[in-house]
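# Architecture and fold: a report
Now for the letters of each chain:
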Amino acid sequence: GLLRGWLRSGEQQQRLAAVRGLAALLEKGRDFNGVDQLIGGLVPSCNSADDEERAVACGALTELFAADVAGEATLLAVRSMAALLKTSSFSVHPSMLECWLSLRLDASAAAAAASAEKERFGARKGKKRRRGIDPVARELAAASGDRGDVGLKSAAVLEQLFVSYARVVKARPGGPLMPLVLRGIAKFAHCVNVELLLDLVSNLRTILRDPAALSTPAALHCVHALLRLLSGHGAALAVDMRDVQQRLYSLLAEQALLADTRLLATALDCLDHLCRQRSALLAPRIASFFCRLVDAAATLPHAHAVALLAAASRLLVACPRVTALLDGTDRAGPPLAPARADEREDVDSPRAINSTAWQLALLHRHYHPVVAQLAKRLAAAEPLPPALGRSTPLRLMATYSDASGAFNPPPQPPSKRRRAADAAKRAASSSGGGELHESIEAAVARAGGGEASSALDFAVLLR
């Protein structure tokens, strides 16, 4: 009662103290029978105008989502947050939706529990079987989640989550919540059923077709969400994704995206999803993506270049016809005319597959040894080293980044033979320097009729 009174107080310090108290109680008593009151007090604070109060409330719910095993408190919190999102006409702070990215959801358990629940209540045999179970065994099974209680809670959380996401997509496609909604859809896309998937795909593609509707990061997350949706349960759907791939191809030319490590990692993850759909790959389209990746690798820092070349290698494996880019030097015929602007931006243009990957020859002489090694392997159509093939783009960029001042791999000192050869060259140049000086003085004396007594006389002779 005291904390609730402080929450309604006009004093900011009292409200902050109340939120901290509720967060501490929630951390210690997630199985407390009054957990709904704790959550009911914290959820409105997630939308508070005060940064510190909002951070404490969102942090408490994030810890709850990460640590709650039973799922009861998580379901209560998600329902309360979804209700607040709806009643506020989707005018909440993005930090509240960011908490949902910490949810731990078991898609297989949720799907199995939902199907088991339908079968259980739709057949008489299931009812008879339930009556035959010992009451003590029934309670123990429910407590351990063996009868699908945890799975049913996960299914209910998923329903609340995606219904809220769909409402935001329809009502506020260009609002500040859209990037977090798209990240959430991409993260939990493998959990969506087919009925909701079709509606989401249709709405997202409509938004993506408008180039002014989304910013560059939001458009990239939209592409990522669509590819994730259609690689899970949507893999069986016959959907032409040319417009999505065209937008991804255009985004890969944005310098703001290429310079940002996380955005570039998301874009390369999109290409990885394309590589998994090998039956739907078109050689001209993959060749356009390949050329754009090696183009960017020639101009970006070495950590980004490693990730880009690794992604280009995966494209070669997914579509072997693209290796024609690597052996085009002996191709007969006149050279191609300069590309028009519309051809450069068309992902299906045949110009890419009829050209050569000349950037790889430039990258052979790269200052970073890993970039040079990858360029040589790509030019020879050789597979990636296992250590690079198993790494994600974000891990590759973190491994080879020089943000901390270190160079990976560290430069190797010269060998003893090389050091001895360099010392001999320096000794020879120092001994020959005196002879060169004497020959210059003699030449100056002959030209001026006498010896050059000063630097000024030498300068006069040079004029």
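What you see is a predicted model, and the numbers here were worked out from it, not measured in a lab.

## Quick notes on the overall build of the protein chain
- For the protein chain, the helix and strand inventory stands at 25 helices and zero strands.
- Burial analysis of the protein chain (463 residues in total) assigns 40% to the buried set.
- Taking as baseline every contact in the protein chain between residues at least 6 positions apart, the subset at least 24 positions apart corresponds to 68%.
- As displayed, the protein chain offers around 24,900 Å² of accessible surface, 55% of which is attributable to carbon and sulfur atoms.

## Remarks on unusual backbone geometry
- Cis peptide bonds are those with omega within 30 degrees of zero, and the linkage from Asn408 to Pro409 qualifies with 0°.
- Relative to the elements of secondary structure, Pro409 occurs in the loop between helix 23 (393–399) and helix 24 (416–448).
- The backbone of Phe90 sits at a positive phi, close to 65°, despite the residue not being glycine.
- Counting through the fold element by element, Phe90 comes out in the loop between helix 5 (72–87) and helix 6 (94–98).
- Taking the relative accessible area as the measure of exposure, Phe90 reaches 15% and is therefore buried.

## Let's talk about the environment of Ser48
- Of note, Ser48 is situated in the loop between helix 3 (35–42) and helix 4 (51–67).
- Placed 48 residues apart in sequence, Ser48 and Met96 show a C-alpha to C-alpha distance of 9.9 Å.
- Excluding anything up to four places from it in sequence, Ser48 contacts Glu53 and Arg54.
- Within the structure, the side chain of Ser48 is placed 3.1 Å from the backbone nitrogen of Asp50, a separation counted as a polar contact.

## Here's the deal with the packing of helix 13 (residues 216–229) against helix 16 (residues 261–276)
- Look at helix 13 against helix 16: their axes get within 10 Å of each other, and the N-to-C directions meet at 25°. As summarised for this structure, helix 13 and helix 16 are arranged roughly parallel, according to the angle between their axes. As helix 13 runs across helix 16, the sense of the crossing is left-handed. Mapping the contact onto sequence places Pro217, Leu220, His221, Val223, His224, Leu227 and Arg228 in helix 13 and Leu263, Thr266, Ala267, Asp269, Cys270, His273 and Leu274 in helix 16.
- Of the residues that constitute the contact of helix 13 with helix 16, the class distribution is eight nonpolar, four polar and two charged.

## Remarks on helix 18 (residues 302–318)
- Over its 17 residues, helix 18 runs 24 Å from end to end, which matches the ideal 24 Å to within 8%, given 1.5 Å per residue.
- Counting buried residues along helix 18, 15 of its 17 residues qualify, which places the element largely inside the surrounding structure.

## Re the packing of aromatic side chains
- In the structure shown here, the tally under the stated rule is three aromatic pairs.
- Measuring from ring centre to ring centre gives 5.9 Å for Trp100 and Tyr165, while their planes differ by 65°; the resulting arrangement is edge-to-face. You can see Trp100 sitting in the loop between helix 6 and helix 7 (107–122) and its partner Tyr165 sitting in helix 10 (residues 149–171), a full 65 residues away along the chain. An identical accessibility class is assigned to Trp100 and Tyr165; each is buried.

## Concerning the side chain of Asp68
- Along the chain, the position of Asp68 falls in the loop between helix 4 and helix 5.
- Judged by relative accessible area, Asp68 falls into the buried class, the value being 12%.
- The contact partners of Asp68, leaving out residues within four places of it in the chain, are Ala73 and Thr74.

## What to know about the packing of helix 14 (residues 242–251) against helix 17 (residues 283–297)
- Where helix 14 contacts helix 17, the axes come no closer than 10 Å and their chain directions differ by 15°. The angle between the axes of helix 14 and helix 17 places the two elements in the roughly parallel class. The element helix 14 and its partner helix 17 pack so that their crossing is left-handed. Contacts between helix 14 and helix 17 pair Arg242, Gln245, Leu248, Tyr249 and Ser250 from the former with Arg285, Ser288, Phe289 and Arg292 from the latter.

## Some details on the nonpolar core
- Among the nonpolar cores identified, the biggest contains 130 residues, and Phe65, Trp100, Ile185, Leu204 and Phe290 are the most heavily contacted of them.
- Among the elements that take part in this core, helix 18 stands out by supplying 12 residues, more than any other.
- Once residues lying within four places of it in the same chain are set aside, the contact partners of Phe290 are Ala312, Leu315, Leu316, Val322, Leu325, Leu326, Ala357 and Leu378.

## Things to note about the pattern of salt bridges
- Taken as a whole, this structure holds 14 salt bridges when the rule is applied.
- One salt bridge connects Glu72 with Lys153, and the closest N-O pair in it is separated by 3.6 Å. Highlighted residues: Glu72 in helix 5 and Lys153 in helix 10, separated in sequence by 81 residues.
- The closest approach of N and O atoms between Asp243 and Arg205, which form a salt bridge, is 2.9 Å. Here Asp243 is found in helix 14, whereas its partner Arg205 is found in helix 12 (residues 194–208), with 38 residues between them in sequence.
- According to the relative accessible area criterion, Asp243 is partly exposed, its value standing at 23%.
- Judged by its relative accessible area of 13%, Arg205 is buried.
- The structure contains a network of salt bridges with shared partners spanning Arg242, Arg285, Asp346 and Asp348.

## Here's the deal with the state of the cysteines
- Considering all chains together, one arrives at zero disulfides under this definition.
- Cys58 supplies the cysteine sulfur nearest to Cys46, a cysteine that is in no disulfide, at a spacing of 3.9 Å.
- Its relative accessible area of 0% is what places Cys46 among the buried residues.

## Structural notes on the confidence of the model for the protein chain
- Taken as a whole, the protein chain shows an average pLDDT of 80; of its residues, 78% reach a score of 70 or greater.
- Between the elements of the protein chain, mean pLDDT differs from a low of 46, seen in helix 25 (residues 455–462), to a high of 94, seen in helix 18.
- Note that pLDDT drops below 50 for residues 116–125; the model gives that stretch seven contacts with residues more than four away or on any other chain.

## What to know about helix 14
- Within helix 14, seven of the 10 residues are buried, which leaves it mostly tucked inside the rest of the structure.
- Within the span of helix 14, buried status applies to Val244, Gln245, Gln246, Arg247, Leu248, Tyr249 and Leu251.

The rules we used
- Residues numbered from 1 in each chain as written.
- Predicted model: local features only at pLDDT ≥ 70, side-chain atom pairs only at ≥ 80, totals over all residues.
- Heavy atoms only, no water.
- Helix = DSSP H or I, 4+ residues; strand = E, 2+ residues; numbered from the N terminus.
- Buried < 20%, exposed > 50% of the residue type's maximum accessible area, 1.4 Å probe, protein only.
- Contact = heavy atoms within 4.5 Å.
- Areas by Shrake-Rupley, 256 points an atom, 1.4 Å probe, with all protein chains shown as cover.
- Polar contact = N/O pair within 3.5 Å; in protein donor to acceptor, adjacent residues only side chain to side chain.
- Axes fitted to C-alpha atoms, helices over the stretch in contact; angles between N-to-C directions.
- Parallel < 35°, antiparallel > 145°, perpendicular 65-115°, else oblique.
- Left-handed = near helix turned anticlockwise from the far one by under 90°.
- Nonpolar A, V, L, I, M, F, W, Y, C, P; charged D, E, K, R; others polar.
- Expected span 1.5 Å × (residues − 1).
- Phe/Tyr/Trp six-rings, centres within 6.5 Å; stacked < 30°, edge-to-face > 60°.
- Core = buried A, V, L, I, M, F, W, Y, C linked by side-chain atoms within 4.5 Å.
- Salt bridge = Lys/Arg side-chain N within 4 Å of Asp/Glu carboxyl O.
- Disulfide = S-S within 2.5 Å.
- pLDDT = per-residue confidence, 0-100.

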